[in-house]
Amino acid sequence: MKQYAFSKKYRIQKPNEFSYVFSHGKKFYTKHLTGICVSNDLSYFRFGISIGKKFGDANKRNRFKRLLRESFRTSTFRFLQGKDLVVLPSLKEKILDYQVLKEELNHIMQEMIKK
RNA sequence: AAAGCAAGGGAAGCGAUCGCUUUUAUGUUGAGCAUAAAAGAGGAAAGUCCGGACAUCACAGGACAGGGUGGUGGCUAACGCCCACCAAAAGCAAUUUUAGGGAAAGUGCCACAGAAAACAUACCGCCUGCUUCUGGCAGGUAAGGGUGAAAAGGUGAGGUAAGAGCUCACCGCAGGGGUGGUGACAUCUCUGGCAAGGUAAACCCCACCCGAUGAAAAGUCAAAUAGGGAAGAAAGAGGUUGUCCGCCUCGCCAUUACUUCCGGGUAGACUGCUUGAGCUUUAUGGCAACAUAAAGCCUAGACAAAUGAUCGCUGCUUCUUAUGAAGAACAGAAUCCGGCUUAUUCCUUGCUUUUAGA
RNA sequence: GCUGCAGUAGCUCAGUGGUAGAGCACCUCCUUGGUAAGGAGGGGGUCAUGGGUUCAACCCCCAUCCGCAGCU
């Protein structure tokens, strides 16, 4: 059961780490999401969400982050080593659907593995 | 039944699996990790519109400037909130709303229209007299017409050359007195024939209140980096060599440099950080807001920011119907309280008006 | 978390309580063989929204919505 754990250690939290990912990462696009990926020196996969004020209220932003976090937690691609991934929402089409977000996140991670 | 007004309550419940944050306990350990238990968003957490607590800075006292409040009496830590009452306005009513002091302290403004918009005045009129007589001049008057949001109380009667509070009745207004009320004010009575518009959410006057900045406040530890202050050591020290001379390096007076300390403080970490004008129940005082007393309870503390996902059963609403389907709003703590405002869903109770029936 | 500014025609902006305006743009006509330029005329406004004060509000007061900027 330990395999589904997702504590703070697996998150990107510091502003310095976010800016490093934004300046050095490779981008992957889907209809509602944008993923930025970069390699790190750690032995596990780290995940971060960046969402701005233009997406909506604090309630909508919080719900978007929770749904994406749950999608990442139950995903099967999260046992790669030495990767950092930051996910951004698309501002044109705002969506709060768990199934759609989970499929698109898996699609991004598949593309990441191929490269 | 419809329309409306007011008050109050809630923000579906229980359970399962996976996962997150904090605390406690145990085990182990260098940090940490593992296991178990407990707790884990709101009525508005929102807007930041007011008032406080708390922190830092400033400050003898007082005054000016600036800002705010503005019927009366209460309540409160405080308030512009709340409660009760008074007055005015809106509504058939239940009920609601009101920055509701002062215009005789002074200044300003009142477009257009109108004769005249505030030291008053007379356009059309009405009446009297004179006259050069389809007109003009002088005087009286403010009833009527007309303008305007507003023009020297209103209606009726008397009176007059025509008129006029000129006189009278009722109503309104102003002043004095009595009674009731803590008070705003109400009511009764007497006097005055009416005293000269509005605007203070225009300046202003009066009464009362207000120091500034806000937890990203403030404090502690402290890599890095630049510069500052103080102290120390030596008139030489070190190396070469067995010793001296000699040579080399550093230093001498100053600067620089060395060591130590102080001070400063970025990234980062910690404190502030949740026991408080606290919550629930009962009793008492009060019309109420609220206050007092007793008993019980501990109830989020994150920092790119924890509450999520998938299901089952029951309950609510709607539609079809006797079984299904759909729906459940506004919205997420960020130092903490008391309010206000705004967004939004469901339910309950009371009252008013109209219609229909008994 | 805190603080400030703005909202007026399709766009950029004026507007000191008394009829809402300018430039560009749009439409019609003239000019030209035709177009541009030029000339003449015209249309277009919930003054962000809702209340209040006033005889009268873009303007004064209160509340809300939306946008922008600053501190950090």
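A brief look at the structure comes next. Predicted, not measured: the structure shown is a model, and the values here were computed from it. (Residues numbered from 1 in each chain as written. Chains lettered and ligands numbered in written order. Predicted model: local features only at pLDDT ≥ 70, side-chain atom pairs only at ≥ 80, totals over all residues. Heavy atoms only, no water.)

1. Thoughts on the pairing of strand β4 (residues 83-89)
By the criterion of burial, β4 is predominantly enclosed, with five of the seven residues buried. Relative to β4, strand β2 (residues 33-39) runs antiparallel, the two being bridged by seven bridges. Within β4, the position partnered with L33 by the bridge is P89. Relative to β4, strand β3 (residues 45-49) runs parallel, the two sharing five bridges. (Buried < 20%, exposed > 50% of the residue type's maximum accessible area, 1.4 Å probe, protein only. Helix = DSSP H or I, 4+ residues; strand = E, 2+ residues; numbered from the N terminus. Pairing = 2+ DSSP bridges.)

2. What to know about the pattern of salt bridges
All chains considered together, the criterion is met by two salt bridges. Here R46 and D84 are joined by a salt bridge, their closest N and O atoms 3.0 Å apart. One end of the pair, R46, is in strand β3; the other, D84, is in strand β4, and 38 residues separate them in sequence. Neither residue differs from the other here; R46 and D84 are each classed as buried. Notably, a salt bridge pairs E70 with R73, separated by 2.8 Å at the nearest N-O pair. With a gap of three residues between them, E70 and R73 both fall in helix α2 (residues 58-73), about one helical turn apart. E70 sits in the partly exposed class, given a relative accessible area of 29%. (Salt bridge = Lys/Arg side-chain N within 4 Å of Asp/Glu carboxyl O.)

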